[in-house]
Amino acid sequence: MRKILAALLVLVLGVALAGCGHFVPIMPGSEPSVPGSAEQTPAGESAQEEFHAQPLLSFIGWDEFAVTYYDQTPIALSVRQAGSAFASPVFDRASIIAACDALRSMTVTGRAGDAAPAEEQTVFTFTMAGGDEMAVAFSGGDLTLYAGSYTVSGGEALWDIPFPVYDSDFDVFDLYFDSGVRAFADNYAADTPISVGRRMNGGATLTSQDPEVVDKAFSLLANAAVARVESSPDQNIDLTLTTDYVFTLSDGTYFTFSFVGPCLAVTASADYGTVYYWLDGIDELPGLVILPQSTIPTFAGGPLTGLREDIDTAQKAAFNELNGITVIGVFVDYTIDGQTGYLTLSGDTAAMFVQRVTNINASAETVTPSGEEITISVTLSDGSGPIMYFTGDSIQQMVGINYPCDSAAMADLRSVILQLSQDENNVGILTGETTG
């Protein structure tokens with residue numbers, strides 16, 4: 001009885017399997033394809049089905065994609081080449097459409113064997129506007145699926161699409177996929193920027209109009225080699241450390257190149273997100289002197305000298321940049337760590353103190369002041385001079401408007417004031433008379 005039931009079960013399964021595999025592809029102009037029946041093979045050999053050539057996009061189930069990609073074009077296409085640990089993206093529609101067209105022209109012609117290991121595959125990934133991804137993999141020119149590898153014909157243009165890092169023709173400016181950035185680089189000689197600025201962690205933008213400094217900053221970027229894409233930025237770079245380099249043209253147009261940690265951070269598509277590129281040949285960029293000591297940038301966040309004209313004048317006097325006008329005295333009234341006092345500084349000590357104070361950077365964002373207060377009153381030889389009101393780590397521009405200052409610089413200022421109050425003759429620090 002058991003043998004009869006087993007035979008009936010085998011018969012039923014055989015009929016069911018014979019009915020599987022019939023499907024109708026959606027690709028325009030294609031005909032329904034029905035796989036052939038399995039042929040009997042000698043014992044010890046696997047059964048082989050007759051394979052019918054099919055369009056690649058139908059074979060992998062991308063029929064809908066095949067007829068919609070012109071109207072619903074992916075926002076990005078990335079490739080991870082065999083043996084590489086990172087994927088490199090492109091964002092221009094021409095490259096993305098070219099890849100789609102190449103895949104659509106491919107035909108799966110037969111079985112090639114077992115699937116290649118993941119590290120031996122070249123993977124193309126399309127990112128859609130909603131963030132969904134669709135990937136197709138190849139190994140040695142064969143299509144690779146989890147079930148095995150398959151030979152393909154056509155679609156040679158897929159392998160000619162250039163990608164950053166993998167194609168050496170890409171430079172820093174190409175990474176933005178922006179015609180304006182490209183034109184800025186190409187027209188640099190004819191429309192040279194009037195200045196270059198550096199901004200750290202969103203703070204002050206320190207600016208130099210020195211043509212040599214501008215040229216040096218630009219040439220370092222222009223000659224940098226795109227080494228690789230960072231695949232795990234949250235693990236391998238400090239995402240809290242940002243440095244922006246800002247080139248400004250004579251008409252006010254500006255171009256910003258941002259680094260996060262050591263990597264150039266490029267957001268060519270807001271939907272795709274930021275891509276982090278490691279560059280070779282930019283070691284000198286962080287050390288480039290953007291702001292000489294005698295240069296006073298316009299305030300948009302920046303040194304305190306940009307807050308008011310009288311502070312700017314005081315700094316120039318402290319650096320001997322005004323004919324006949326010097327710093328003759330500074331009065332400091334302070335409360336620091338609960339200690340209240342005041343200082344009277346004069347001569348070179350007063351000038352050095354003003355230099356130090358007015359170079360403190362302030363952010364362009366306003367803040368509600370809180371903390372202990374320091375008042376610094378500067379007297380110049382012409383009788384003028386600013387009064388600077390600090391509360392905690394902020395400075396008042398006018399009543400009701402305070403800007404946050406660099407915390408480290410403010411801590412240093414408080415330390416200097418306390419040292420001055422303790423030892424007026426200490427060589428190596430700012431010194432002056434104390435009264436009280």
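The structure displayed is predicted, hence computed values, not measured ones. (Residues numbered from 1 in each chain as written. Predicted model: local features only at pLDDT ≥ 70, side-chain atom pairs only at ≥ 80, totals over all residues. Heavy atoms only, no water.)

## Some points on the overall build of the protein chain
Link 1 in the chain: From N to C terminus, the protein chain includes 10 helices and 24 strands.
Link 2 in the chain: Taking all 436 residues of the protein chain together, 40% fall into the buried category.
Link 3 in the chain: Counting only contacts in the protein chain whose residues sit at least 6 apart along the sequence, the fraction spanning at least 24 positions is 63%.
Link 4 in the chain: Carbon and sulfur atoms form 51% of the exposed surface of the protein chain, whose accessible area is close to 22700 Å². (Helix = DSSP H or I, 4+ residues; strand = E, 2+ residues; numbered from the N terminus. Buried < 20%, exposed > 50% of the residue type's maximum accessible area, 1.4 Å probe, protein only. Contact = heavy atoms within 4.5 Å. Areas by Shrake-Rupley, 256 points an atom, 1.4 Å probe, with all protein chains shown as cover.)

## Structural notes on the pattern of salt bridges
Link 1 in the chain: Summed over all chains, the structure comprises 10 salt bridges.
Link 2 in the chain: In this structure, D312 and K316 form a salt bridge, with 3.4 Å as the shortest nitrogen-oxygen distance. Linking D312 with K316, this pair stays in helix α8 (residues 309-318), spanning 4 residues, or about one helical turn.
Link 3 in the chain: Relative accessible area serves as the criterion here: at 14%, D312 is assigned to the buried category.
Link 4 in the chain: According to the relative accessible area criterion, K316 is partly exposed, its value standing at 29%.
Link 5 in the chain: Taken together, the shared-partner salt bridges in this structure form one network comprising D171, D174, R182 and D186. (Salt bridge = Lys/Arg side-chain N within 4 Å of Asp/Glu carboxyl O.)

## Overview of the nonpolar core
Most often, soluble globular proteins have nonpolar side chains that are buried together.
Link 1 in the chain: The biggest cluster of nonpolar side chains holds 38 residues, and the ones touching the most others in it are F247, F257, L264, L279 and L285.
Link 2 in the chain: Counting only elements with at least two residues in this core, the list comes to α5 (179-186), α6 (211-222), β11 (225-229), β12 (242-248), β13 (254-260), β14 (263-266) and β15 (275-280).
Link 3 in the chain: Broken down by element, this core gets its largest block of residues, 6 residues, from α6.
Link 4 in the chain: Membership of the second largest hydrophobic core comes to 35 residues, among which are L307, A351, C405 and I417. (Core = buried A, V, L, I, M, F, W, Y, C linked by side-chain atoms within 4.5 Å.)

## Regarding unusual backbone geometry
Link 1 in the chain: Despite not being glycine, F177 shows a phi value in the positive range, around 50°.
Link 2 in the chain: With a phi angle near 60°, N320 is a residue other than glycine that sits in the positive phi range.

## Overview of the packing of aromatic side chains
Link 1 in the chain: Under the definition given, this model contains 29 aromatic pairs.
Link 2 in the chain: Geometrically, the ring pair formed by F124 and F138 is edge-to-face, given 6.3 Å between the ring centres and 75° between the ring planes. In this pair, F124 is assigned in strand β5 (residues 122-127) and F138 in strand β6 (residues 133-139), connecting sequence segments 14 residues apart.
Link 3 in the chain: Judged by relative accessible area, F124 falls into the buried class, the value being 3%.
Link 4 in the chain: By way of ring pairs, the aromatic residues F173, Y176, F184, Y188, F218, F247, F255 and F257 are connected into one cluster. (Phe/Tyr/Trp six-rings, centres within 6.5 Å; stacked < 30°, edge-to-face > 60°.)

## Focus: the packing of helix α9 (residues 347-358) against helix α10 (residues 407-422)
In a pair of packed helices, the angle between the axes and the distance between the axes together describe the arrangement.
Link 1 in the chain: Taken N-terminus to C-terminus, the directions of α9 and α10 make an angle of 160°; their axes are 10 Å apart at the nearest point. Considered as vectors, α9 and α10 are oriented roughly antiparallel to each other. Here α9 and α10 pass one another in a crossing that is left-handed. Contacts between α9 and α10 pair F353, R356 and V357 from the former with D412, L413, V416, I417 and L420 from the latter.
Link 2 in the chain: A breakdown of the residues in the contact of α9 with α10 according to their chemical character gives 6 nonpolar, no polar and 2 charged. (Axes fitted to C-alpha atoms, helices over the stretch in contact; angles between N-to-C directions. Parallel < 35°, antiparallel > 145°, perpendicular 65-115°, else oblique. Left-handed = near helix turned anticlockwise from the far one by under 90°. Nonpolar A, V, L, I, M, F, W, Y, C, P; charged D, E, K, R; others polar.)

## Some points on the pairing of strand β10 (residues 205-208)
Within a regular strand, the side chains alternate between the two sheet faces.
Link 1 in the chain: With 4 bridges joining them, strand β9 (residues 195-200) and β10 adopt antiparallel strand pairing. What sits directly across from R199, in β10, is T205.
Link 2 in the chain: Hairpin connection of β9 to β10: 4 residues between the antiparallel strands, including N201 at a positive phi of 50°. (Pairing = 2+ DSSP bridges.)

## Overview of the sheet that holds β9
Link 1 in the chain: Strand order in the open sheet formed by 7 strands is β10-β9-β12-β13-β14-β15-β11, and the pairing between neighbours is antiparallel. Unpaired on one side and paired on the other, β10 and β11 mark the two borders of the sheet. Shown here is a sheet whose adjacent strand axes are inclined to one another by a mean of 30°, direction ignored.
Link 2 in the chain: Strands β12 and β13 of the sheet are contacted by α5, whose axis makes an angle of about 100° with β13.

## Remarks on the sheet that holds strand β4 (residues 107-113)
The strands making up a sheet are joined through hydrogen bonds of the backbone, oriented either antiparallel or parallel.
Link 1 in the chain: Across the sheet, which stays open at both edges, the 8 strands sit in the order β1-β4-β8-β7-β6-β5-β2-β3 with antiparallel pairing between neighbours. The sheet is open, and its two borders are formed by β1 (54-55) and β3 (88-90), each paired with just one other strand.
Link 2 in the chain: As defined by bridge partners, strand β7 (residues 142-145) adjoins strand β8 (residues 148-153) across 3 bridges and the pair is classed as antiparallel. When the bridges of β8 are listed, T144 appears paired with S149.

## Some details on the side chain of S269
Link 1 in the chain: Of note, S269 is situated in the loop between β14 and β15.
Link 2 in the chain: With sequence-adjacent residues up to four places away left out, S269 is seen in contact with I75 and F91.

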